[in-house]
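Residues per chain are reported as follows:
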Amino acid sequence: MCALAIGSNPTKVLIEEQSKTAGSKYTVNCLSCAPRKKDEHRTLFITEYCRVVFREDVQPFFARIVIFPEEHFSHLLTAEEENPTRKITIQKVLNDIYDCRYIFKIAYKTLFSLSRVNWVEAGNLNKDENGLQNYQEGYHHSHYHFVPRFANPVNWRGQQFVDSKFAEGLSINSNHYTDEEKVKLSKEQIIQLKEDVQLHLVKNQLVSWEWIARSMPSKAVIEAHEAIIKQKADAAKSKATAANSVATASSL
Ligand SMILES: [Zn+2]
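Analysis parameters
Sequence order as written defines the numbering, with residues in each chain counted from 1. Note on the predicted model: pLDDT of at least 70 is required for a residue's local features to be given, and 80 or more for side-chain atom pairs to be given and counted; whole-chain, interface and lining totals, by contrast, use all residues. The helix and strand labels rest on DSSP assignments: H or I over at least four residues marks a helix, E over at least two residues marks a strand, and numbering proceeds from the N terminus. A residue is called partly exposed when the number of other C-beta atoms within 10 Å of its own lies between 12 and 20, exposed at 12 or fewer, and buried at 20 or more, with C-beta atoms placed from the backbone. Contact between two residues is assigned whenever their backbone-derived C-beta positions fall within 7 Å. Residues of type Ala, Val, Leu, Ile, Met, Phe, Trp, Tyr and Cys that are buried and joined through C-beta atoms within 7 Å form what is called a nonpolar core. Strands qualify as paired when DSSP identifies two bridges or more between them. Every axis in this analysis is a line fitted to C-alpha atoms, fitted for helices over the stretch in contact. Angles between the N-to-C directions lie between 0 and 180 degrees. Expected span of a helix: the number of residues minus one, times 1.5 Å.

**A short note on the overall build of the chain**
Right, on to step 1. If you tally the helices and strands in the chain, you get six helices and seven strands.
Right, on to step 2. The order of α-helices and β-strands along the chain, N terminus first, is α-β-β-β-α-α-β-β-β-β-α-α-α.
Right, on to step 3. Here the chain, with 252 residues, has 25% of them falling under the buried criterion.
Right, on to step 4. Expressed as a percentage of contacts within the chain between residues at least 6 apart in sequence, the contacts between residues at least 24 apart total 62%.

Below, the structure is given as structure tokens:
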């Protein structure tokens, strides 16, 4: 246990103390990157490098999304050094992250009349697998927030959601929004929202099916995907039949 000097920064002192005992500054057991079985109901899709989930706790923003790198890294600039065996490259991770941002801009515009997006890259110190705050360098948990903003109320399944401070900046002050202003979705509603958004993504072919398939999609989403496959097969068959008819006619 270290004695804190008067006027010293307690976080900085703890970082220094924990660094002395750390094997490697990037050997971590980050709580948010622990096996995520509990997140299945809110996982929208998983790319090669990122996991895309709804933020589900009480929040002021409807359908807010968080994008986690599939493998923990504390800083984008050190991602390659932190994950040498997986050969992660910064460019590949960035491509996936920005693809995700684009996909939701397009999808939310149609689904919820999205007005604006607040986009946040965060790398706050996280807890270890035992739920204890860890101050080592490697415990900065890199992730991204896609915060949809709505100039007009969003109507979804009989409920209205109002972005009461539209055009105002995000605030880390939890009192910035009153309880009435915060969006509250039950687990059942999150599951329904996941299905609604995934159906839109699948029907409009906005993401690869492989990504969606990794997220435990519902029966309705799987059926929508199968319908698209059938539609494509039928179209290819009609095209081949038409081409054959033309070839037969011209050979006569
Ligand atoms: Zn992490």
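Back to the write-up after that little detour.
**Digging into the nonpolar core**
Right, on to step 1. Core analysis: the biggest nonpolar cluster contains 35 residues, and Cys50, Val52, Ile67, Cys100 and Phe104 have the highest contact counts within it.
Right, on to step 2. Those elements giving two or more residues to this core turn out to be strand S1 (43-46), strand S2 (50-54), strand S3 (65-69), helix H3 (90-112), strand S5 (140-149), helix H4 (187-203) and helix H5 (209-213).
Right, on to step 3. When residues in this core are grouped by element, the largest group, seven residues, is from H3.
Right, on to step 4. For valine 52, the contacting residues outside a window of four places in its chain are Leu44, Phe45, Ile65, Ile67 and Cys100.

**Points about unusual backbone geometry**
Right, on to step 1. Positive phi values are uncommon outside glycine, yet alanine 167 reaches one of about 75°.
Right, on to step 2. Note on placement: alanine 167 falls in the loop between strand S7 (159-161) and H4.
Right, on to step 3. The class for alanine 167 is exposed, based on 9 C-beta atoms found within 10 Å.
Right, on to step 4. For glutamine 205, which is not glycine, the phi torsion reads 50° and is therefore positive.
Right, on to step 5. The residue glutamine 205 is located in the loop between H4 and H5 in this model.

**Brief notes about the pairing of S3**
Right, on to step 1. Of all five residues in S3, four are buried, a share of seventy percent or more.
Right, on to step 2. In terms of strand pairing, S2 meets S3 through five bridges, oriented antiparallel. Looking at the pairing, phenylalanine 54 lines up with isoleucine 65 of S3.
Right, on to step 3. Where S3 lies against S5, three bridges are found, and the strand directions are antiparallel. Considered in S5, the bridge of isoleucine 67 is made with tyrosine 144.

**Here's the deal with the environment of aspartate 99**
Right, on to step 1. For aspartate 99, the position within the fold is in helix H3.
Right, on to step 2. A count of 16 C-beta atoms within 10 Å places aspartate 99 in the partly exposed class.

**With respect to the sheet that holds S1**
Right, on to step 1. Taken in spatial order, the five strands of this open sheet run S1-S2-S3-S5-S4, and their pairing is antiparallel. The open sheet terminates on both sides in strands that have one partner only, identified here as S1 and strand S4 (116-125). Mean inter-strand twist for the sheet, computed between neighbouring axes without regard to direction, equals 20°.
Right, on to step 2. Sheet strands in contact with H3 are S2, S3, S4 and S5, and its direction is about 20° off that of S5.

**Quick word on helix H6 (residues 219-251)**
Right, on to step 1. Taking 1.5 Å of rise per residue, the 33 residues of H6 would be expected to cover 48 Å, and the 48 Å separating its terminal C-alpha atoms lies within 8% of that figure.
Right, on to step 2. With one of 33 residues buried, H6 is to be regarded as a mostly surface element.

**A short note on the environment of glutamate 223**
Right, on to step 1. Checked against the element boundaries, glutamate 223 lands in helix H6.
Right, on to step 2. As a C-alpha pair, glutamate 223 and leucine 199 span 24 residues in sequence and 9.6 Å in three-dimensional space.

**Quick notes on H3**
Right, on to step 1. Between its first and last C-alpha, H3 extends 32 Å over 23 residues, near the 33 Å set by a 1.5 Å rise per residue.
Right, on to step 2. Of all the residues in H3, the buried ones are Val93, Asp96, Ile97, Cys100, Ile103, Phe104, Ala107 and Tyr108.
Right, on to step 3. Looking at the buried positions of H3, the neighbouring elements they touch are S2, S3, helix H2 (79-82), S5 and H4.
Right, on to step 4. Downstream of H3 by one or two residues, serine 113 has phi in the positive range, about 50°.

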